[in-house]
Amino acid sequence: MSLLRDSAADNERLVRYLLGLLPVDEAERLDEQSIVDDDVACRLLSVENDLVDAYIRETLEPGHRLRFESHYLKSPIRRRRLMFARRFLAAVDRRPPEAVAPAVRTLAWPPVALAATLLLTVGALVVENVNLRTGLSHAAHNSEADSRRAREMSSELDAARASNAQLTKALEAAHAASSGSGRAIDRSQAATATVLLPQTRSVGQLPTLSLAPAGPVTFVPFDLRLESRDFPRYRAVLKDQDAGRVVWESEELTPRSSTGALVSLVVPTGVLTPPHRYAFELSGVDGSGRGEAVGGYGFQIDPR
């Protein structure tokens, strides 16, 4: 149902709409009507043209003139429309050459003015419609990107919690074992992680880890240093190089950024047999769960 009934009152309502003086709910209804109702759209264009002409000719009342400058002219499209209308009215108000007959002037100018006004209005509407559609598309794209990033951050947080819980549990077990009848890890501190660097093509001596010959089952902490932090999560597999088999696999791990690019994990001592050589194969896990190999970390167990 159209909101426009009485002509004089409707024109005043449309002027107030263009100047941003209508209540929000009524302005929203007019927004919808101007899109779905051709009569309302035509009336609105006519009132807007008259409003712009009145501003240029300085016939607007002071209150409306101030509102026109503070609200209507906020839009770059409307400012361009005003500039075009100002130039056009200046050309119309100019006296035509004396050689042109009065009858020709009378017949020629109104159609030209009408056609120019129509072209101006249609062009402005097309530009404004394109801008609105572009803005909506950008807003939808940004919203989707924000949602995807929120899901990724939530997954990273869950993985970090699981990794921290696993590390805490393992360190508690290591502390309990080292304070019992015998020490399971023969190092200066049981909770100190062994830092391993990525292997390179050059052949060098492998880092050596010393374990006690006997003791309760506990865990050995490791820090795998990353060359670059390219993935939100990582997964490690421990291989016995001498036996040629996988002896342990980690859950998904979140790198520690506070102390550099490190991945922390703990391995049960029961899977480590002296004097074997071992290697961690580290894979990065992307947002979709796919893994990609990023490096190997070798070490050996001291046979003593």
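Residues numbered from 1 in each chain as written. Predicted model: local features only at pLDDT ≥ 70, side-chain atom pairs only at ≥ 80, totals over all residues. Heavy atoms only, no water.

With respect to the overall build of the protein chain
Each helix and strand counted, the protein chain has 6 helices and 8 strands in total. When its helices and strands are written in sequence order, the protein chain yields α-α-α-α-α-α-β-β-β-β-β-β-β-β. Taking all 304 residues of the protein chain together, the buried fraction comes to 32%. Considering only residue pairs separated by 6 or more positions, the protein chain has 68% of its internal contacts joining residues 24 or more positions apart. Split by element, the accessible area of the protein chain, about 18800 Å² in all, is 55% carbon and sulfur. (Helix = DSSP H or I, 4+ residues; strand = E, 2+ residues; numbered from the N terminus. Buried < 20%, exposed > 50% of the residue type's maximum accessible area, 1.4 Å probe, protein only. Contact = heavy atoms within 4.5 Å. Areas by Shrake-Rupley, 256 points an atom, 1.4 Å probe, with all protein chains shown as cover.)

Some points on the packing of aromatic side chains
Taken as a whole and judged by the stated rule, the model has 8 aromatic pairs. Ring centres of Phe222 and Phe280 lie 5.1 Å apart, and the angle between their planes is 70 degrees; on these two criteria the pair is classed as edge-to-face. With Phe222 in strand S3 (residues 219–225) and Phe280 in strand S7 (residues 277–285), this residue pair connects regions lying 58 residues apart in the sequence. What makes Phe280 buried here is its relative accessible area of 0%. When the centroid spacing of 6.0 Å and the interplanar angle of 80 degrees are considered together, the rings of Phe231 and Tyr234 count as edge-to-face. The class of Tyr234 is buried, set by a relative accessible area of 1%. Site record: aromatic cluster; members linked through ring pairs are Phe222, Trp248, Tyr278, Phe280 and Phe299. (Phe/Tyr/Trp six-rings, centres within 6.5 Å; stacked < 30°, edge-to-face > 60°.)

Here's the deal with the environment of Asp230
Within the secondary structure layout, Asp230 lies in the loop between S3 and strand S4 (233–240). The spatial distance from the C-alpha of Asp230 to the C-alpha of Gly284 is 7.6 Å, given a sequence separation of 54 residues. A distance of 2.7 Å separates a polar atom in the side chain of Asp230 from a polar atom in the side chain of Ser228. (Polar contact = N/O pair within 3.5 Å; in protein donor to acceptor, adjacent residues only side chain to side chain.)

Things to note about a negative patch on the surface
A surface patch of like charges, here negative, comprises Asp25, Glu28, Asp31 and Glu32. Among the residues examined, Asp31 registers a relative accessible area of 35% and is labelled partly exposed. (Patch = residues over 30% accessible without salt bridge, like charges linked within 9 Å, V, L, I, M, F, W, Y side chains within 5 Å. Salt bridge = Lys/Arg side-chain N within 4 Å of Asp/Glu carboxyl O. Lys, Arg positive; Asp, Glu negative; His and termini not counted. Charge placed at Lys NZ, Arg CZ, Asp CG, Glu CD.)

Quick word on the packing of helix H3 (residues 38–56) against helix H4 (residues 62–70)
The axes of two packed helices give the description: the angle between them and the distance between them. Contact pair H3 / H4: the axes reach a minimum separation of 11 Å and the direction vectors enclose 105 degrees. Classified by the angle their axes make, H3 and H4 are roughly perpendicular. When H3 is examined against H4, the residues Leu51, Val52 and Tyr55 are found in contact with a partner set consisting of Arg65, Phe68 and Glu69. (Axes fitted to C-alpha atoms, helices over the stretch in contact; angles between N-to-C directions. Parallel < 35°, antiparallel > 145°, perpendicular 65-115°, else oblique.)

Some points on the sheet that holds S3
The strands making up a sheet are joined through hydrogen bonds of the backbone, oriented either antiparallel or parallel. Taken in spatial order, the 3 strands of this open sheet run S1-S3-S6, and their pairing is mixed. Of all the strands in the sheet, the pair left with one neighbour each is strand S1 (194–196) and strand S6 (262–268). On average, adjacent strands in this sheet sit at an angle of 30 degrees to one another, irrespective of strand direction. In terms of strand pairing, S1 meets S3 through 3 bridges, oriented parallel. Looking across to S3, one finds that Leu196 is bridged to Leu224. (Pairing = 2+ DSSP bridges.)

Section: helix H2 (residues 24–36)
Over its 13 residues, H2 extends 19 Å from the first C-alpha to the last, a length consistent with the 18 Å expected when each residue adds 1.5 Å. Here H2 has its buried residues at Ala27, Leu30, Gln33 and Ser34. Projected onto a plane normal to the axis of H2, the buried residues spread over an arc of 120 degrees and lie on a single side. Seen from the open side of H2, the exposed residues pointing more than 90 degrees away from its buried face are Val24, Glu32, Ile35 and Val36. (Expected span 1.5 Å × (residues − 1). Arc of directions from axis to C-beta.)

What about the confidence of the model for the protein chain?
On average, residues of the protein chain carry a pLDDT of 77, and 65% of them reach 70 or more. Mean pLDDT values for the elements of the protein chain range from 60 in helix H6 (residues 102–178) up to 95 in strand S5 (residues 245–249). In this model residues 103–109 is a low-confidence stretch, pLDDT under 50, and it forms 7 contacts with partners more than four residues away in sequence or in other chains. Predicted confidence for residues 178–190 stays below pLDDT 50, and this span has 28 contacts to residues more than four positions away or in other chains. (pLDDT = per-residue confidence, 0-100.)

Notes on the pattern of salt bridges
Think of it this way: side chains of opposite charge can pair up when their charged atoms draw near. By the definition in use, this model includes 10 salt bridges. Between Arg13 and Glu26 there is a salt bridge, with the nearest N and O atoms lying 3.1 Å from each other. Here Arg13 is found in helix H1 (residues 7–18), whereas its partner Glu26 is found in helix H2, with 13 residues between them in sequence. One network of salt bridges, in which partners are shared, links Asp10, Arg13, Glu26 and Arg43.

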